[in-house]
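# Analysis of the macromolecular model
Listed below, chain by chain, are the residues.
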Amino acid sequence: MPFYIGEFSKSVDLSHVIHLKDPLQTEWLRSGDVVERWDHIFEWDSNCLRSSELEGWRSTGDPMCDEALESMFSSTSSSTGVDLLERLQLDAASHPGGPSQALLDDVSRPPPDDIAASPSEILEAQAFFLQHSVAIMQCLMHFSLAGGFASPRITRVLQSVSYLVPPRKNSNPSELAELTPEMNDRTYSRLLETFQFVLDAMGCAPAGTARMAGDSRPVSCLNPGGDGWKAALRVRLLHGVARRRILERQKFSNSSYSVEDDGVPINQEDMAATLGSFSAAPLWCLKRLYPLPFPSPPKSQASSFIAMWRHIGFYLGIDPAILRKHFVSPETATKFLASTILHLLTSESPPAGCAQPVFPTIPILLASSDRPPFPKPFEHQCALTRYLLGGSLSNHLGVPPTPVRAELRLLWSLTLAQLPMIFSYIYPRCGWRRKRAALTREALARVVRFQLGMRRTAFRPRTESGDVGEGVLCMEAVKPDPVGGTRLVKEYRALMMEMAVVIAGSTILLMSSMACWYARQSGWLD
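Let me sum up the structure you'll find in this document. Not measured: the values here are computed from a predicted model.

Reading guide: rules and limits
- Residues numbered from 1 in each chain as written.
- Predicted model: local features only at pLDDT ≥ 70, side-chain atom pairs only at ≥ 80, totals over all residues.
- Heavy atoms only, no water.
- Helix = DSSP H or I, 4+ residues; strand = E, 2+ residues; numbered from the N terminus.
- Rg over C-alpha atoms; globule rule 2.2 N^0.38 Å.
- Buried < 20%, exposed > 50% of the residue type's maximum accessible area, 1.4 Å probe, protein only.
- Areas by Shrake-Rupley, 256 points an atom, 1.4 Å probe, with all protein chains shown as cover.
- Lys, Arg positive; Asp, Glu negative; His and termini not counted.
- Charge placed at Lys NZ, Arg CZ, Asp CG, Glu CD.
- 1 Å grid on protein atoms, 1.4 Å probe; cavity = no way out; pocket = protein on both sides within 12 Å on 5 of 7 lines; lining within 4 Å.
- Points joined across faces, edges and corners; volume = space filled by probe spheres on them.
- Nonpolar A, V, L, I, M, F, W, Y, C, P; charged D, E, K, R; others polar.
- Contact = heavy atoms within 4.5 Å.
- Pairing = 2+ DSSP bridges.
- Core = buried A, V, L, I, M, F, W, Y, C linked by side-chain atoms within 4.5 Å.
- Axes fitted to C-alpha atoms, helices over the stretch in contact; angles between N-to-C directions.
- Parallel < 35°, antiparallel > 145°, perpendicular 65-115°, else oblique.
- Polar contact = N/O pair within 3.5 Å; in protein donor to acceptor, adjacent residues only side chain to side chain.
- Phe/Tyr/Trp six-rings, centres within 6.5 Å; stacked < 30°, edge-to-face > 60°.
- Lys NZ or Arg CZ within 6 Å of the ring centre and 35° of its normal.
- Salt bridge = Lys/Arg side-chain N within 4 Å of Asp/Glu carboxyl O.

### Some remarks on the overall build of the chain
Counting secondary structure elements, the chain contains 21 helices and four strands. What you see for the chain is a C-alpha radius of gyration of 24 Å, in line with the 24 Å of a compact globule of 526 residues. Each of the 526 residues in the chain was classed as buried or not, and the buried ones make up 53%. Just so you have it, the chain exposes about 23,200 Å², and 59% of that area is on carbon and sulfur atoms. Averaging the positions of the 53 positive and the 53 negative side-chain charges in the chain gives two centres separated by 6 Å.

### Structural notes on the layout of surface pockets
Taken as a whole, the largest pocket holds about 1,200 Å³ of empty space. Together, 47 residues line the largest pocket, and Pro373, Ala443, Leu444, Val447 and Tyr492 are the ones closest to its centre. Sorting the residues of the lining of the largest pocket by element identifies helix H6 (133–145), helix H16 (378–389), helix H18 (404–426), helix H19 (430–451) and helix H21 (482–522) as the ones contributing at least two each. Counting residues per element, the lining of the largest pocket draws most heavily on H19, at nine residues. Among the residues making up the lining of the largest pocket, the classes are represented as 29 nonpolar, 11 polar and seven charged. In this structure, the second largest pocket encloses a volume near 710 Å³. Gly6, Glu7, Leu283, Lys287 and Thr334 are the residues nearest the centre of the second largest pocket, which is lined by 21 residues in total. With five residues, helix H11 (residues 268–289) is the largest single contributor of residues to the lining of the second largest pocket. Within the lining of the second largest pocket, the residues separate by chemical class into 10 nonpolar, four polar and seven charged.

### A look at the environment of alanine 201
Take alanine 201: it is sitting in helix H8 (residues 181–201). In sequence terms alanine 201 and tryptophan 309 are 108 residues apart; their C-alpha atoms lie 8.6 Å from each other. Setting aside residues up to four positions removed in sequence, alanine 201 forms contacts with Gln126, Cys221, Leu222, Gly228, Met308 and Ile312.

### A look at the sheet that holds strand E2 (residues 18–19)
Read across the open sheet, the four strands follow the order E1-E4-E3-E2; overall the sheet is mixed. Each edge of the sheet is formed by a strand with only one pairing partner; in this case those strands are strand E1 (3–5) and E2. The pairing of E1 with strand E4 (residues 40–43) spans three bridges and is classified as parallel. Among the inter-strand pairings, tyrosine 4 is bridged to a residue of E4, identified as isoleucine 41.

### Things to note about the environment of alanine 117
Mapped onto the secondary structure, alanine 117 falls in the loop between helix H4 (99–107) and helix H5 (119–131). With a relative accessible area of 8%, alanine 117 lands in the buried category. Taking the C-alpha atoms as reference points, alanine 117 and methionine 202, 85 residues apart in sequence, are found 13 Å from one another. Setting aside residues no more than four positions away along its own chain, alanine 117 makes contact with Ile122, Ala307, Met308 and His311.

### Brief notes about the nonpolar core
Judged by nonpolar contacts, the single largest core of 126 residues is most densely connected at Leu88, Phe129, Phe197, Trp309 and Ile312. It is H11 that contributes the most residues to this core, 11 residues altogether. Ignoring anything within four residues of it in the chain, the contact list for isoleucine 312 reads Phe197, Ala201, Leu222 and Ala232. By size, the runner-up hydrophobic cluster in this structure holds eight residues, among which are Phe423, Trp432, Leu495 and Met496.

### Points about helix H7 (residues 152–160)
Counting buried residues along H7, nine of its nine residues qualify, which places the element largely inside the surrounding structure. Among all positions in H7, only Pro152, Arg153, Ile154, Thr155, Arg156, Val157, Leu158, Gln159 and Ser160 are buried.

### Some words on the packing of helix H12 (residues 299–315) against helix H14 (residues 330–344)
At a minimum axis distance of 9 Å, the contact between H12 and H14 shows a crossing angle of 60°. Here H12 is positioned oblique relative to H14, judged by the angle of their axes. On H14, the residues touching Lys299, Ala302, Ser303 and Ile306 of H12 are Pro330, Glu331 and Ala333.

### Examining the side chain of serine 329
Note on placement: serine 329 falls in the loop between helix H13 (320–326) and H14. At a separation of 3.2 Å, a polar atom in the side chain of serine 329 contacts the side chain of glutamate 331.

### Quick look at the packing of aromatic side chains
Evaluated as defined, the whole model comprises 14 aromatic pairs. Between phenylalanine 423 and tryptophan 432 the ring centres are 4.8 Å apart and the planes differ by 75°, which places this aromatic pair in the edge-to-face class. You can call phenylalanine 423 buried: its relative accessible area is 5%. The exposure class assigned to tryptophan 432 is buried, which follows from its relative accessible area of 0%. Through pairs of rings, three or more aromatic residues link up here, namely Trp57, Phe327 and Phe336. The ring of tryptophan 38 carries the charged tip of arginine 37 above its face, separated from the ring centre by 4.0 Å. For the cation-ring pair, arginine 288 lies above phenylalanine 3, with the distance from its terminal atom to the ring centre recorded as 3.8 Å.

### A word on the pairing of strand E3 (residues 34–37)
Of the two faces of E3, the one holding Val34 and Glu36 and the one holding Val35 and Arg37 are both buried throughout. Summarising the sheet, E3 and E4 pair through four bridges and their orientation is antiparallel. By the bridge assignment for E4, valine 34 is matched with glutamate 43. A loop of two residues connects E3 with E4, the two strands running antiparallel in sequence, and tryptophan 38 in this loop sits at a positive phi of about 55°.

### Some words on the pattern of salt bridges
All chains considered together, the criterion is met by 27 salt bridges. For arginine 58, the salt bridge identified is with aspartate 270, shortest N-O distance 3.0 Å. Residue arginine 58 is located in the loop between helix H1 (51–57) and helix H2 (63–72), and its partner aspartate 270 is located in helix H11; the two are separated by 212 residues in the primary sequence. Using a relative accessible area of 6% as the deciding quantity, one classes aspartate 270 as buried. With a closest N to O distance of 2.8 Å, arginine 460 and glutamate 476 form a salt bridge. Placement of arginine 460 in the loop between H19 and helix H20 (472–475) and of glutamate 476 in the loop between H20 and H21 is noted, with a sequence separation of 16 residues between them. Comparing arginine 460 with glutamate 476 shows no difference in burial state: the two are buried. Each of Lys435, Glu442, Arg446, Asp481, Arg487 and Glu491 takes part in salt bridges that share partners, so that together they form one network.

These results come straight from atomic positions and should not be treated as a statement about function.
Set out below in structure tokens:
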């Protein structure tokens, strides 16, 4: 089944759709051409990018961040288990005017006006996220991560730093060692850390947790010093450590990554494409994840969501020129993400001397099976991934076909998940909607921290094998709050009970009214 992305200037004639197999084919596309790749169809226009343009971005990483890391650490191994933000601040204080000071000064100011999201846009984006949190998190897991990380070029980065993909001792994909429980736990931990980054950016925290010194408002999370700001900067530094490790490893040993063929590791295209998969992709997937008919979210909410991620992208080290041009609106972000899918998600052969990439899709789905935030079996995880990615890309990634019974269960599960969202729109008591948002904000943060082993990650670099550094679990531990957790469960159950009672009462009332109307029409009451 094809997925139609963005707007079309005319009706789509499937017989005239251009089916792309190679990114180089984008060089001769013209505005108005309708193209297809991996079951996704969109119209090529001036907001799209050709392969040659995106290829040019791959030669640039994040020079300011890289220079700061060279000042902070004499070697990449010395960064293992270190809070990178704290070390940046210490190095900046020790070396005034140095690279660390330059980076800290650059990120300690708001983004330029044409990149920054306004406070009202941040609040609207956070409200949008909380209203659609289940669907957005499902999209991030099963579309953005399970699908987006499947780019051969990005997969070679993941393999090089043992991120999500287990280390390999040979180049034969068929000889990949069986995934052990320890490997699944490590992958799951990585996924939870990614979710924590999103929650920090969206101002989600347990009740009473300060998001910024002296300011507990959700909008403050992206101000310098706020939780979202800290998370973005730590992730940026973590990317820099991974980039440096890959480049150093390539000097002394055979590597699955080739700078000559793939460009600088974690380059501007990789970072911008990831930003697109966290911002534009959820807007794509909402309709797919809502089986019941429901109007699209207001354009202002979608625009605010893109604006907030554009704001975050500035602190992640993405070139401001990219943010200004390609993340100015949902329309431009949509065409940008579609362009990067054409360029990155290819079925290319690996460069000479590099191993065939092992896509992280199956490890991600195995690791997340029967675990929060979506404790569903592996069959369900695969079914949802195929539902969002489409058949051709899922087949390419090795996702097994979905049995009919699993597809029916998936649709039923998605329908149940959609009910609270629909109810919040039509139920006249505004307090119910506000209470649901507040409980969702707190519950998501609590679930992630609990599943991480009662810790709040500071995105510290791991060992070469992908394990957390010594003492990190103790340094990142958070104090359990069983009283607050019990209160949260009781309040959420009461909220869902209210919804169930209202739906049941409304259904009975509707059926009684219909019965009375039918009885009158039939003359039974005369």
